[in-house]
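Descriptive analysis of the structure
Take a look at the letters that make up each chain.
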Amino acid sequence: MQRALGTMRDAMLDAVRGAELVRKLGHVRQLGGLGIESSGPDTVIGEICEVRPRTGAPVLAEVVGLREGRVVLMPYGEIQGLGVGCEVLATGRMPRVPVGPELLGRVIDAFGDPLDGKPAPRAEALRPLKSAPLNPLTRPPVDQVLETGVRCIDALLTLGRGQRIGIFAGSGVGKSTLLGMIARNTLAEVNVIALIGERGREVREFIDRQLGPEGLARSVVVVATSDQPALARARAAYAATAIAEHFRDAGRQVLLTMDSVTRFAMARREIGLAVGEPPTARGYTPSVFAELPELCERCGTAASGGAITALYTVLVEGDDFNEPVSDMLRATLDGHVVLARRLAQQGHFPAIDVLHSASRLLGDLASEEELTLAHDTFELMSTYERNRQLIEMGAYRAGSSAAIDRAIAVWPGLTAFLRQRGAVGCGRAEALDALRAALAAPAPEAEGEPA
């Protein structure tokens, strides 16, 4: 009897502890564009609230701004059915995402809910979307090569584990295809892929064609399509980074690919304008240029022995590589790979413009012999490009310059090396051997000299 009474008492105490004794309520006062203004509740920036329509399920919204007597929220879903006077309930929750090894092989949305039709993954833990930045003095140096399976990157633009690099290109030049090739062939233990603002059709195509079953098995794909609200698109970028941080803290080697960081910046611009920030360069608000470095700096090496190698695709508006987001990311990241439309139009895949690309850690990762090989390649390509018009017009006479003669001799082999069709990658040693062979072509004999 005593045991039964004790059990009942404990159950009643648990019910009291879990009861909602105080409710923080507000009411919608204005709906306009992307934002919702309410009088109350008592809340803080980033808190999740429920906006309750007169009929239907509540709409989740996040607090993005506070004004005198007003709270500015942005919804995660549709706002149809909401009106002035609807209740706004502060939940007390901050944005978090489920993390853990059960996410491998899964396709999820910005909230961790499954999109692949399978049961919801069992989370090992819930992690805040925004974590404290790492102390820069505790970061180990980037001193290990990360093989991507792409010949020209491994041989000429060598990447390291923990490096952050941008893939800059206009629309339709092959960013997603290159990302899929790297994700399939890289030697990283875990791939975390964020598809931000993509077309719904392209999501399925990327997973089936570019990533493939083998790539998906060791990947976590976080998706926020272009038709979703700006807050959901921005949240997906933070969720993917938080998932990658969890695996890095466990000592894993992680490859984080985000396609594209420009659409994240566009989402942040929409949020900033809705809050009332002034537009600056190309309409981007000041908070965009504060959040981009904050997002990128969360990647890199850590004291745990793990590392996040980050590949961010940068959608260059109008093929202008000096537009504000591109210019800032080029200065923030540890290197950039530029895809050229003229190469793509020639059927050159991957359309990497080697002379306009750079890896800032090439000198730390490559040996002296490999550096010499890369510099010789850059010099020959630069010589050929400077004299391309003369060569193609037939105005250049063989024997006039030994440097131009050698550039002409190696150009066909070098072009074949830079092209890489098909899904199968190759190792870095194989890539370096192929580059040596391409540069070993004999120089042509000058006109008038005996054969």
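Preceding this paragraph is the structure being described.
Computed from a prediction, not measured in an experiment: that's the story for all the values here. Numbers given for residues are sequential positions, taken from 1 along each chain in its written order. pLDDT decides what is reported in this predicted model: residues at 70 or higher carry local features, side-chain atom pairs at 80 or more are listed and counted, and totals for whole chains, interfaces and linings draw on all residues regardless. Side-chain figures throughout are based on the complete set of non-hydrogen atoms in the structure, without hydrogens or water.

1. Focus on the nonpolar core
We apply this condition: Put simply, buried Ala, Val, Leu, Ile, Met, Phe, Trp, Tyr and Cys residues joined by side-chain atoms within 4.5 Å make one nonpolar core. Partly exposed describes any residue whose relative accessible area lies between the buried limit of under 20% and the exposed limit of over 50%, with all areas from a 1.4 Å probe on protein chains only and scaled to the type maximum. Counting from the N terminus, the helices are DSSP H or I runs at least four residues long and the strands are E runs at least two residues long. We call two residues in contact whenever any of their non-hydrogen atoms come within 4.5 Å of each other.
Counting residues in hydrophobic clusters, the biggest one holds 58 residues, and the most contacted among them are Val150, Leu156, Val221, Leu339, Ile352 and Leu435. Sort the elements by how many residues they give to this core and helix α13 (residues 402-418) lands first, with seven residues. When near neighbours in sequence (up to four residues on either side) are disregarded, Leu435 contacts Ala155, Leu156, Leu373, Thr377, Leu414 and Phe417.

2. As for the packing of aromatic side chains
Threshold: Pairs were defined over the aromatic rings of Phe, Tyr and Trp, the Trp ring being its six-membered one, requiring ring centres within 6.5 Å. Orientation was assigned from the angle between planes: stacked under 30 degrees, edge-to-face over 60, tilted for the rest. Charges are assigned to positions over rings by a cutoff of 6 Å between ring centre and Lys NZ or Arg CZ, combined with an angular limit of 35 degrees from the ring normal.
Counted according to the given criterion, the structure contains four aromatic pairs. Note on Tyr238 and Phe264: the rings are 5.5 Å apart at their centroids and 85° apart in plane angle, and the pair reads as edge-to-face. Remark: Phe264 occurs in helix α6 (residues 261-275) and Tyr238 occurs in helix α5 (residues 230-249); sequence separation between them is 26 residues. Here the guanidinium or amino end of Arg269 rests over the ring plane of Tyr284, the centre of that ring lying 4.2 Å away. Just above the ring of Phe168 sits the side chain of Arg330; from NZ or CZ to the centre is 5.8 Å.

3. Remarks on the state of the cysteines
This is how the line gets drawn: Our working definition of a disulfide is a cysteine sulfur pair at a distance within 2.5 Å.
For the coordinates displayed, the defined rule picks out zero disulfides. Summary of cysteine pairing: Cys86 is not part of a disulfide, and the nearest cysteine sulfur, belonging to Cys49, is at 14 Å. Cys152 carries a free sulfur, and the closest cysteine sulfur to it, the one in Cys426, is 9.7 Å from it.

4. Some thoughts on α13
For the record, the criterion: One less than the residue count of a helix, multiplied by 1.5 Å, gives the span that helix is expected to have.
With 17 residues, α13 extends 23 Å from end C-alpha to end C-alpha; this agrees with the ideal 24 Å at 1.5 Å per step. Turning to α13, the residues buried within the fold contact α2 (151-156), α11 (368-386), α12 (388-393) and α14 (428-439).

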